[in-house]
Amino acid sequence: MLRKLHIRALCLCMMLIVAMAASAQQPQITERLNRNGQVTVDAPKELVKRNNADLGKQQSSSSNKKVKEKDKKNVDPKSDEEKLNELDEDTTKDSKKDEDKKKDEEKKKEEVTPKKPKRTHTSQQTIESRGVGFRIQAYTDNNPRTAKAAAQRRARDIAMKFPQYRSYISYKAPAWRLRIGDFKTQREAQAALQRIKSVYPKFAREMVIVRDRINVWSND
């Protein structure tokens with residue numbers, strides 16, 4: 001009997017060690033409480049970098065598809081060699097024009113405005129200023145027992161799938177609500193709303209764009 005009890009205790013200890021190691025490897029989502037009682041949910045840096053890389057790959061693949069479709073549509077009775085020569089000449093001319101335009105635009109920008117560091121949505125940022133903009137209201141409920149926990153669960157889920165957008169949980173009597181992002185224009189909010197709806201079709205009807213006080217973030 002004692003041997004069996006010892007063996008069971010050892011098995012339980014091994015299972016606990018494996019579970020703790022697995023949880024430590026998972027990326028952690030951070031939550032911060034603001035002075036106004038609003039909770040900000042930030043995704044880890046790894047997810048932000050991974051999401052940005054995936055977006056870059058999607059954009060490059062879509063641009064390659066468009067170029068291939070254009071090449072298929074433009075069918076001429078000319079020989080293959082002539083077509084290739086013309087394509088090479090056109091591409092070189094277009095590339096030169098684009099480079100000249102970019103150089104001119106960069107010179108004008110440098111003369112008018114000083115250079116600023118690029119901003120990335122990470123948890124190591126502080127609020128630089130506040131202004132009027134747009135957010136996506138992803139959840140609202142007035143149930144005092146379940147509304148807060150449900151808003152937190154949905155905020156964490158959205159932060160894992162869309163780490164580039166911050167989530168804000170707040171209470172305004174009698175309901176808890178979850179709002180996503182800090183968008184300066186309604187066009188930016190609409191594009192983000194379409195992405196989130198495609199991943200969460202069940203909650204698409206309750207997601208709407210609202211005007212709100214937004215945060216302008218800067219690096220520490």
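Here, residues in each chain are numbered from 1, in the same order as that chain's written sequence. Local features are withheld for residues below a pLDDT of 70 in this predicted model, meaning they are given only at 70 or higher, and side-chain atom pairs are given and counted only at 80 or more; totals for whole chains, interfaces and linings count all residues. Side-chain measures were taken over the full set of non-hydrogen atoms in the model, leaving aside hydrogen atoms and water.

**Q** Outline a negative patch on the surface, supporting the account with residue identities and numerical values.
**A** To count toward a patch, a residue needs a relative accessible area above 30% and no salt bridge. Like charges then connect within 9 Å, nonpolar side chains (Val, Leu, Ile, Met, Phe, Trp, Tyr) within 5 Å. The accessible surface values rely on the Shrake-Rupley method and a 1.4 Å probe; as for residues, cover is taken only from the protein chains in view. Definition used for salt bridges: Asp or Glu carboxyl oxygen within 4 Å of a side-chain nitrogen of Lys or Arg. In summary, the charge assignment counts Lys and Arg as positive and Asp and Glu as negative, without counting His or the chain termini. Working definition for charges: the position is that of NZ of Lys, CZ of Arg, CG of Asp or CD of Glu. A surface patch of like charges, here negative, comprises Asp98, Glu99, Asp100, Asp104, Glu105 and Glu106. By the element assignment, Asp98 lies in helix H3 (residues 80–112). Strands here mean DSSP runs of E at least two residues long; helices mean DSSP runs of H or I at least four residues long; both are numbered from the N terminus.

**Q** I'd like a rundown of the side chain of Arg179, residues and numbers included.
**A** Tracing the backbone through its elements, the reader meets Arg179 in strand E5 (residues 175–183). Within the structure, the side chain of Arg179 is placed 2.8 Å from the side chain of Gln137, a separation counted as a polar contact. Whenever a nitrogen or oxygen atom comes within 3.5 Å of another N or O atom, the pair is scored as a polar contact, on the condition that within protein one atom can donate a hydrogen and the other can accept it, and that pairs from neighbouring residues in sequence are kept only if both atoms are in side chains. Here Asp212 takes part through its side chain, which lies 3.0 Å from a polar atom of the side chain of Arg179. Residues within four places of Arg179 in sequence aside, it is in contact with Arg135, Ile136, Gln137, Arg166, Ser167, Tyr168, Val210, Arg211 and Asp212. When checking whether two residues touch, look at their non-hydrogen atoms; a contact exists if any pair is within 4.5 Å.

**Q** Please give an account of the pattern of salt bridges that cites residues and values.
**A** A full pass over the atoms with the stated rule returns five salt bridges. Among the salt bridges present, the one from Arg135 reaches Asp212, with a minimum N-O distance of 3.5 Å. Taken as a pair, Arg135 in strand E3 (residues 125–141) and Asp212 in strand E6 (residues 208–219) lie far apart in primary sequence, 77 residues in all. Each member of the pair, Arg135 as well as Asp212, carries the same accessibility label: buried. The residue Arg179 makes a salt bridge to Asp212 at a minimum N-O spacing of 3.0 Å. Here Arg179 is found in strand E5, whereas its partner Asp212 is found in strand E6, with 33 residues between them in sequence. According to the relative accessible area criterion, Arg179 is buried, its value standing at 11%. Buried means the residue's accessible area, taken with a 1.4 Å probe over protein chains only, is under 20% of the maximum for its type, while exposed means over 50%, and partly exposed covers the values in between.

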